[in-house]
Each structure stands twice: as structure tokens, then as C-alpha cells.
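This is what each chain is made of:
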Amino acid sequence: MHKQAYKQIVGWDVGGAHLKAALLRDGKLQQVIQVPCALWRGLNELESAIDEVINAFDIVKDEALQAITMTGELVDLFNNRQQGVTAISSVMNAQLSGEKIFFAGHESGFNFVSIDGIPNYWQSIASANWLASASYIACELKNLDDAANALLIDIGSTTTDFIAIQNGKPQCLGLTDASRLQTEELVYTGVVRTPLMALAQKISFDGYMTTVVAEYFATMADVYRITGDLKEADDMADTADGKEKTLEASTRRLARMIGHDADDKDLTAWIALADAFKRVQLERLTEVAQKHLARIGFAENNMIIGAGAGKFLVEEIAKRLGLTYRDSTSLFENQLNNNPQQIEYKANVCLPAYAVAYLALNAVRMSIE
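Residues numbered from 1 in each chain as written. Predicted model: local features only at pLDDT ≥ 70, side-chain atom pairs only at ≥ 80, totals over all residues. Heavy atoms only, no water.

**Observations regarding a negative patch on the surface**
Argument step 1. A cluster of acidic residues, Glu 248, Asp 261, Asp 263 and Asp 264, forms a negative patch at the surface.
Argument step 2. Inspection of the secondary structure puts Asp 264 in the loop between helix H7 (247-256) and helix H8 (267-295).
Argument step 3. For Asp 264, a relative accessible area of 43% gives the class partly exposed. (Patch = residues over 30% accessible without salt bridge, like charges linked within 9 Å, V, L, I, M, F, W, Y side chains within 5 Å. Areas by Shrake-Rupley, 256 points an atom, 1.4 Å probe, with all protein chains shown as cover. Salt bridge = Lys/Arg side-chain N within 4 Å of Asp/Glu carboxyl O. Lys, Arg positive; Asp, Glu negative; His and termini not counted. Charge placed at Lys NZ, Arg CZ, Asp CG, Glu CD. Helix = DSSP H or I, 4+ residues; strand = E, 2+ residues; numbered from the N terminus. Buried < 20%, exposed > 50% of the residue type's maximum accessible area, 1.4 Å probe, protein only.)

Okay, here's the thing in C-alpha cells:
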């Protein structure tokens, strides 16, 4: 990294379904955006998504530092993760102007590498966006007078990350997706793309337990459209049948999951079914949260920090456990521009993009000092 001050830093989080970006100017968060990016369809999807972000951002060409993290290397477009990291990094390097650096997380913290470092550091770069978020949150917690042990829960469209933070540092049992799946620091359930058949084999409906159809008929987005929890801005994925995202269409898809037509019952029955699926997901996530809180010493002063499109579930988890809930964006209120409400909401959903930009800012400051 060049030892120079950057007025503009852009943080990028390249996922398999979305591209997220955050723009810092003079250390303040100016803009945040999330755009669809169906990377499994081809690298052209990423190229188009990058163009959309660049067109939306007020960036002075060649004067921004581009800080990049990713999870998109996991999509089945690539034969393996190394190929994915290499391909994504090459596209980002070619599409973006100025200096590009890639977030490489490891046991002792984090660092950044240039495009030339990809062959040696690809394993640390792969799916490290959660560590960028955790490293940033840990830094901010150190600044709190009443800082306590915390559990960061980031519920996205597809997955949920659980990261314990103790004594101002992330306490990670695993670093790769494979190891994090074993430790349940990564749980493949989210509030948009998760198929309902992956959530439960049986569900309560109309006073009885019924088998859930093992077909891709509906997703959690249908559930949360019906319950009213999912914000339209976060509802970017295609529906299971490729049709509209209305309440009527969501109800029709949900009914199919238990062998019904939507006309078989009134809306209250389908709302109750949606609530049942929500309850199953909430109970599963609460169970995992308890496991990680026990690891850092479950105590009344533990804090649960929520992020992602599914932060509404994190709030409920904290309530169930009788713990203090704190929104991730409340930790950086002094780093926002003059439009905090809109920025806060978007930064919450795009936390890894903001986090990697902030970490890059700190790295630049340290290199200059």
C-alpha cells in the first residue's frame, strides 16, 4: 500500500448474489449501495454490477483507494475457491481505477494485499468478509466505556454469521467456510434466499403438524413478505417461480409448501403459517447464539450486536435471551455524513463493505505515521 492519504476510500463486498459498496470521504461515510449480482451466471454479472455502483457513486476517478473483500468465490461458476478468488480479483482490478487492495483475514487479525499477492494469500482472502465486520466492530467496542463481551450476529439474505468478541478481539474458532460450518459460526439460513424445504421437514398448520414438501416452491422472502418484516430494498432475489413478489403471489407459493392452494384458507391461516416458519428459524438461530455466548461466558452484561437484512431477528434473539441489543450502525454514528438515517440503514445491511473501507482507512493512517 502506498504511504499516502486518500480522501476517498471505497469498500467492496463481492457476494454470490449481491455486490455491496461503501464510500468514505475524509473518514466519513457518504454513500452505501447494494445491487443484485447473480455471479453464478457469469463474470459479466459482476462487471455490470460494478458499473452500476460506479455510476451511483460520486467518486473522483483515480483518486480513490479500493478495498475489497469477497464471498463470491463459492458460486458454482468456479471449479474451486482458488479459481474464484483469482477470477473475482482480476475483474475488480481491471474494472476499478486507482489503487486496489484485498482484505486478507488471519488468526492474528487482518492485513491487505495487492493484486500481486493473490496467489500467496487467496486462502486468507476467500470468504473473509465476516472477519472484516468483526474486526471493525471489535475496534469500535474498545472505544466504549462500558464495553462488554459481545456476539455479532449478521443475518443476510442467504447465511448468518456468529462472531464472538471478547476483550476487544474477535474470538474465532474457524476461519474457512468449512471450519466455520463445523463450529456453527456460519449457518446457512437467511431471510431472503433460503428455501423453506431447507428450514423444516414438518411445520405446524391449522392445529396439526404437517410435512413440508421437498420442492423449491417458496423461500424465506415469501415468509417475511407475509409477516411484513422484509424491507422492499432488501428483497432483490428472484422468487422461486420467477413470478411477482406481491402478498398474493407469496401466499400462493407458501401454500404449495404444504400441498395447498392459497384459496383453500383465508389470509389469517397463511399469516399463521408464515409465523410458524419464522419461529422455526428464530429458534434455530437462538440456539446457536446461546452456544456462542456460553463460550465467552454468558453474563447479563453481554451485548448482542445485530447487522444485515435480518437484523429484526437479531433483536428478537436478544429479547429472548434477556440481553442488551445494539444495532451495528449505532457504533459509528460519529462517522456518518449529514444524512444519517438513510446511511445507517444501508450500512447495516452492507456492514462488510463499510467495515473493509474503515479498516483500509486505519491501515493507511498507520502506514503514514
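**Brief notes about helix H3 (residues 118-125)**
Argument step 1. Turning to H3, its buried residues are Ile 118, Trp 122 and Ile 125. Buried residues of H3, viewed axially, fall in a sector of 80°; they line one side. Pointing more than 90 degrees away from the buried face of H3 are the exposed residues Asn 120 and Gln 123.
Argument step 2. Ser 127 sits one or two positions beyond H3 and adopts a positive phi of about 50°. (Arc of directions from axis to C-beta.)

**Some thoughts on the side chain of Asp 13**
Argument step 1. Within the secondary structure, Asp 13 is located in strand S1 (residues 8-14).
Argument step 2. Within the buried core, Asp 13 has no salt-bridge partner, and the shortest N-O distance to an opposite charge, that of Lys 20, equals 4.7 Å.
Argument step 3. Side chain to side chain, Asp 13 and Asn 129 meet in a polar contact 3.3 Å long.
Argument step 4. Once residues within four sequence positions are removed from consideration, Asp 13 is found in contact with His 18, Leu 19, Lys 20, Thr 69, Met 70, Asn 129, Pro 352 and Ala 353. (Polar contact = N/O pair within 3.5 Å; in protein donor to acceptor, adjacent residues only side chain to side chain. Contact = heavy atoms within 4.5 Å.)

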